[in-house]
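Observations on the three-dimensional arrangement
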Amino acid sequence: MASDILLRPTSATSLFSPANSTIDLEAIQGDVLLGLQKKWQLFVFFKIVDVPRFKHVLRCDIGRRITSSAEVQMRTLLLEEIKAAGNRDVLPLVGVNIAFTEAGITKLMPGADLGDPSFKAGQLSQAKALGDPVDAAGKPTTWSAPFLAGAIEGVFLLAAGTEVDVRATWALLDGLLGTTIEVVESQIGLVRPGAAAGHEHFGFQDGISQPCVKGLTSPLPGQQVVSPGVFVCGYPGEGKPAPARPAWVKDGAFMVFRLLEQKVPEFNDFLNTAAPTLGGGGIDPVLLGARMVGRWKSGAPVETTPLQDDTTVAADPTRNNDFDYSDDTGERRCPYAAHIRKTNPRSDIPEQALTSHRIIRAGIPFGPELDAAEILAKTTQQSRGLAFVCYQASIPNGFEFLQISWANNPDFVSPIAGPKHHPDGTVVHTGLDPIIGQAGTGARVMDEPVPNYPIGGIRSSLNLPNPFIVPRGGAYFFAPSIPSLMTELSE
Ligand code: N7H
């Protein structure tokens, strides 16, 4: 069904018409700002083995097949029209994007310096700093072999409405590329089936909150307006002074890929066993899950509806993101540690301290649904999770800042933005983001799982056992502009 194709929260009505956009949508790849329409997505990670012939194919065959942001925008408008007319057919829309690691860029353009130290170092070198489990030599212990080998030089992102279409698109590209590349690894992602569509594997609605990109869309209520330079190189907002980068980097963006396995039966079992032990008489496991994420499974924010889910709020794009934390300094409604409060603290910190750390998320779930044996055993037996993707103009300011300085930092938000206090005057020690926080060997604790709403003074903290998310690998990429793919990078 057309309506099943995952669309970004950017609804057609909030999109500026192509003529009124101040951003070069023809040049920027389609997944970066608006997100390729995807029910299925194939990531093909590769190594370039014949540079001259690869450049030839890139210039003559692949470049013109790359889906631009302008095409994604037109498709969004088209899909919205078709949906309004009641047509529910699957549309044969296929999206193709490409990105390169530092090693890949260096092969295509020796000596190029994109001015991003984390991109240059690569995600494997940054794994320890990100808090991924590592051995004494700093080598990640949970990553799979293809990511550990550090041989990835590029990735194709293929998105479509059906598995057949993504695989057929790869067959076509594979034929064009021939022996110019070697495939190192591939990963299929898929939107979950039926009523779970749009929900990640723990069961929470995803893809609700994205920044509003200035010049591209008009903001929905609660959506922060952010300069395009935070996400795409060569635009206002890239930093002061703007990083020294070659001219061809304009309209490109850094892409972070993380293969994050989710321990779903273990997460559910934890909610069921921990919730009854909290707050004296215990709390509802569903409420505990919502306080760990900051949203109910439907997507309704706990800040708006602290004690029970509200599917009407969740379904309304004018209400499901229309909140900040200004009247919740005592974390009565939403814990400071909740995943969405950690990764977008909204009014908890000054706006200028927040804007440069926004990212655009474009991930997709991977792996099968839970089966009966896993539910009974309360143990993961098949790998599933989130193929996490995000875009930004600076990896240290974007993804790494969120993961290291916020999610993994038990003192964020207090005292970085000034100490915060519980209603009884005690200082808040936030603890980790219970979803993605990684503490190395440190204690894993989250403050205030029990809501003191609307009143109450119970102090509570939640001991988190092993993480529910295990990083299985990842890489840092640069998604160049379409013109630079067809000229500078393929000359
Ligand atoms: Fe998160 N989850 O299911 O709990 N995320 N996330 N994320 N995330 C969000 O608001 C999840 C991850 C952000 O603006 C929602 O759209 C899971 C990483 C940001 O209010 C849910 C994984 C990073 C936001 C999840 C995962 C982020 C956000 C609510 C891994 C960055 C927007 C839906 C498997 C380092 C916050 C929504 C805002 C929202 C979940 C990963 C960041 C349900 C399961 C690695 C910025």
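These remarks concern the structure in this document.

Let's talk about the site of the ligand
As a matter of local geometry, the ligand sits amid 26 residues, with Ile208, Ser209, His339, Arg346 and Arg361 nearest to it. Gly207 places a polar main-chain atom, nitrogen or oxygen, 3.3 Å from an oxygen atom of the ligand. The set of elements that each furnish at least two residues to the shell around the ligand consists of strand 7 (253–262), helix 12 (339–343), strand 10 (385–392) and helix 15 (399–407). Residue contributions to the shell around the ligand peak at 3 residues, all from helix 12. For the shell around the ligand, the class distribution of residues is 13 nonpolar, 7 polar and 6 charged.

Brief notes about the packing of helix 6 (residues 123–130) against helix 15
Contact geometry for helix 6 and helix 15: axes closest at 10 Å, N-to-C directions at 25°. Taken together, the axes of helix 6 and helix 15 are roughly parallel relative to one another. Here helix 6 contributes Gln126, Ala129 and Leu130 to the contact with helix 15, which in turn contributes Phe399, Glu400, Gln403 and Ile404. Its residues placed into classes, the contact of helix 6 with helix 15 shows 4 nonpolar, 2 polar and 1 charged.

Section: unusual backbone geometry
The residue after Lys240, namely Pro241, is reached through a cis peptide bond having omega -5°. Along the chain, Pro241 turns up in the loop between strand 6 (225–226) and strand 7. Here the bond from Phe412 into Val413 is cis, since omega is 25°, no more than 30 degrees from zero. Within the secondary structure, Val413 sits in the loop between helix 15 and strand 11 (445–447). Phi is positive for Asp251, which is not a glycine, with a value near 70°. You can see Asp251 is positioned in the loop between strand 6 and strand 7. Positive phi, normally seen in glycine, also occurs at Glu448, with a value near 60°.

Overview of the environment of Leu177
Relative to the elements of secondary structure, Leu177 occurs in helix 8 (residues 163–177). On the basis of relative accessible area, Leu177 is assigned to the buried category, the value being 1%. The spacing of Leu177 and Leu354 is 177 residues in sequence and 42 Å in space, taken between C-alpha atoms. In this structure, Leu177 is in contact with Phe54, Val57, Ile62, Phe156 and Trp170, ignoring residues within four places of it in sequence.

Topic: the environment of Gly131
For Gly131, the position within the fold is in the loop between helix 6 and helix 7 (145–148). Residue classification places Gly131 among the buried residues on the basis of a relative accessible area of 16%. Apart from the residues within four sequence positions on either side, Gly131 is in contact with Asn408, Gln438 and Gly440.

Parameters at a glance
- Residues numbered from 1 in each chain as written.
- Predicted model: local features only at pLDDT ≥ 70, side-chain atom pairs only at ≥ 80, totals over all residues.
- Heavy atoms only, no water.
- Near = heavy atom within 4 Å.
- Polar contact = N/O pair within 3.5 Å; in protein donor to acceptor, adjacent residues only side chain to side chain.
- Helix = DSSP H or I, 4+ residues; strand = E, 2+ residues; numbered from the N terminus.
- Nonpolar A, V, L, I, M, F, W, Y, C, P; charged D, E, K, R; others polar.
- Axes fitted to C-alpha atoms, helices over the stretch in contact; angles between N-to-C directions.
- Parallel < 35°, antiparallel > 145°, perpendicular 65-115°, else oblique.
- Contact = heavy atoms within 4.5 Å.
- Buried < 20%, exposed > 50% of the residue type's maximum accessible area, 1.4 Å probe, protein only.

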